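# Residue-level structure breakdown
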Amino acid sequence: MSPNTAQSLITLYHLIHIPVTLLIDSSVIIPKQYHLNLTNILVNFHVSQNKDILLLYPQTWFKTFIFIECIFQLPLFIYFIWKHNKREFDTRYHAWSLIYGFNASFTTFVCMMHIIFEGSLFGLLKLEIVKLVGIYSPYLIIPSIILVRSLHHLR
């Protein structure tokens with residue numbers, strides 16, 4: 001894959017992640033009375049289809065991860081898209097990408113381990129655990145790729 005194609009796919013990931021953060025993930029830290037109707041529809045659909053225990057039973061650690069996502073990662077998505085549009089992939093861009101890649105891959109890894117090791121305690125069957133881990137996998141894989149690419153550019 002060419003560097004331009006890879007960068008475009010990463011930018012697409014950031015674009016897609018903005019509404020996911022605003023409409024779904026943030027629902028665990030924003031009081032329900034302030035949810036948009038669209039948020040309720042999306043979250044209810046996702047939970048009913050995928051039995052997402054992270055959204056159904058949000059633990060304090062998960063709420064902390066989501067708070068970090070909303071305060072730290074969301075502005076970075078906009079920054080990354082802006083830098084992509086300017087074709088400006090300087091040291092600062094790669095430093096922020098490194099930090100983002102580590103943070104996002106680490107927090108997603110923790111979420112996936114919770115699903116794998118605790119999912120059955122919340123009534124998930126093995127197939128449901130595999131399905132849910134599969135849904136979260138891109139949020140581990142893509143930030144990991146971002147992390148490795150950033151390390152490569154910064155060395």
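Calculation criteria
- Residues numbered from 1 in each chain as written.
- Predicted model: local features only at pLDDT ≥ 70, side-chain atom pairs only at ≥ 80, totals over all residues.
- Heavy atoms only, no water.
- UniProt positions renumbered as here; feature names shortened; annotations may be inferred.
- Helix = DSSP H or I, 4+ residues; strand = E, 2+ residues; numbered from the N terminus.
- Phe/Tyr/Trp six-rings, centres within 6.5 Å; stacked < 30°, edge-to-face > 60°.
- Buried < 20%, exposed > 50% of the residue type's maximum accessible area, 1.4 Å probe, protein only.
- Patch = residues over 30% accessible without salt bridge, like charges linked within 9 Å, V, L, I, M, F, W, Y side chains within 5 Å.
- Areas by Shrake-Rupley, 256 points an atom, 1.4 Å probe, with all protein chains shown as cover.
- Salt bridge = Lys/Arg side-chain N within 4 Å of Asp/Glu carboxyl O.
- Contact = heavy atoms within 4.5 Å.
- Core = buried A, V, L, I, M, F, W, Y, C linked by side-chain atoms within 4.5 Å.

Our next topic: the UniProt feature "domain: EXPERA" (unreviewed entry) in the protein. Under the feature "domain: EXPERA" (unreviewed entry), the UniProt entry names residues 6-147. From the first C-alpha to the last, residues 6-147 spans 13 Å; its make-up is 80% helix and 0% strand.

Time to look at the packing of aromatic side chains. Summed over the entire model, instances satisfying the criterion amount to 12 aromatic pairs. The interplanar angle of 55° and the centroid separation of 5.8 Å between the aromatic rings of Tyr 79 and Phe 80 together place this pair among those described as tilted. Judged by its relative accessible area of 1%, Phe 80 is buried. Of the aromatic side chains, those joined through ring pairs into one cluster are Phe 77, Tyr 79, Phe 80, Trp 82, Phe 89, Tyr 93 and Tyr 100.

Side chains of Met 1, Leu 9, Leu 12, Leu 15 and Ile 16 sit close together on the surface and give an oily, nonpolar patch of about 520 Å² of accessible area. Mapped onto the fold, Leu 12 is located in helix α1 (residues 3-24). In this structure Leu 12 comes out as partly exposed when scored by relative accessible area, which is 42%.

This paragraph deals with the UniProt feature "transmembrane region" (unreviewed entry) in the protein. The UniProt entry lists residues 12-30, 61-82, 94-117 and 129-148 under the feature "transmembrane region" (unreviewed entry), expressed in the numbering used here. Secondary structure content for residues 12-30 is 68% helix and 0% strand, and the end C-alpha separation is 26 Å.

All right, on to the side chain of His 14 then. Here His 14 lies in helix α1. Residue contacts for His 14: discarding those within four places in its chain leaves Phe 77, Phe 80, Ile 81, Tyr 100 and Ile 146.

On to the nonpolar core, then. Leu 54, Leu 55, Phe 62, Ile 115, Leu 132 and Tyr 136 are the most contacted members of the largest nonpolar core, which totals 20 residues. For this core, the secondary-structure elements that each account for two or more residues are α1, α2 (37-50), α3 (53-56), α4 (60-86), α5 (91-118) and α6 (126-136). Apart from the residues within four sequence positions on either side, Leu 132 is in contact with Asn 50, Lys 51, Asp 52, Ile 53, Ile 115 and Leu 124. Counting residues in hydrophobic clusters, the runner-up holds 13 residues, among them Ile 10, Leu 74, Tyr 100 and Ile 146.

Attention now goes to the pattern of salt bridges. Here the structure, examined in full by the defined rule, presents four salt bridges. The residue Lys 51 makes a salt bridge to Glu 128 at a minimum N-O spacing of 2.4 Å. Of this pair, Lys 51 sits in the loop between α2 and α3 while Glu 128 sits in helix α6, and the two are 77 residues apart along the sequence. Put simply, Glu 88 and Lys 86 hold a salt bridge, and the shortest N to O gap is 3.3 Å. With a relative accessible area of 29%, Glu 88 lands in the partly exposed category. Residues joined by salt bridges that share partners form a network here, namely Lys 83, Lys 86, Glu 88 and Asp 90.

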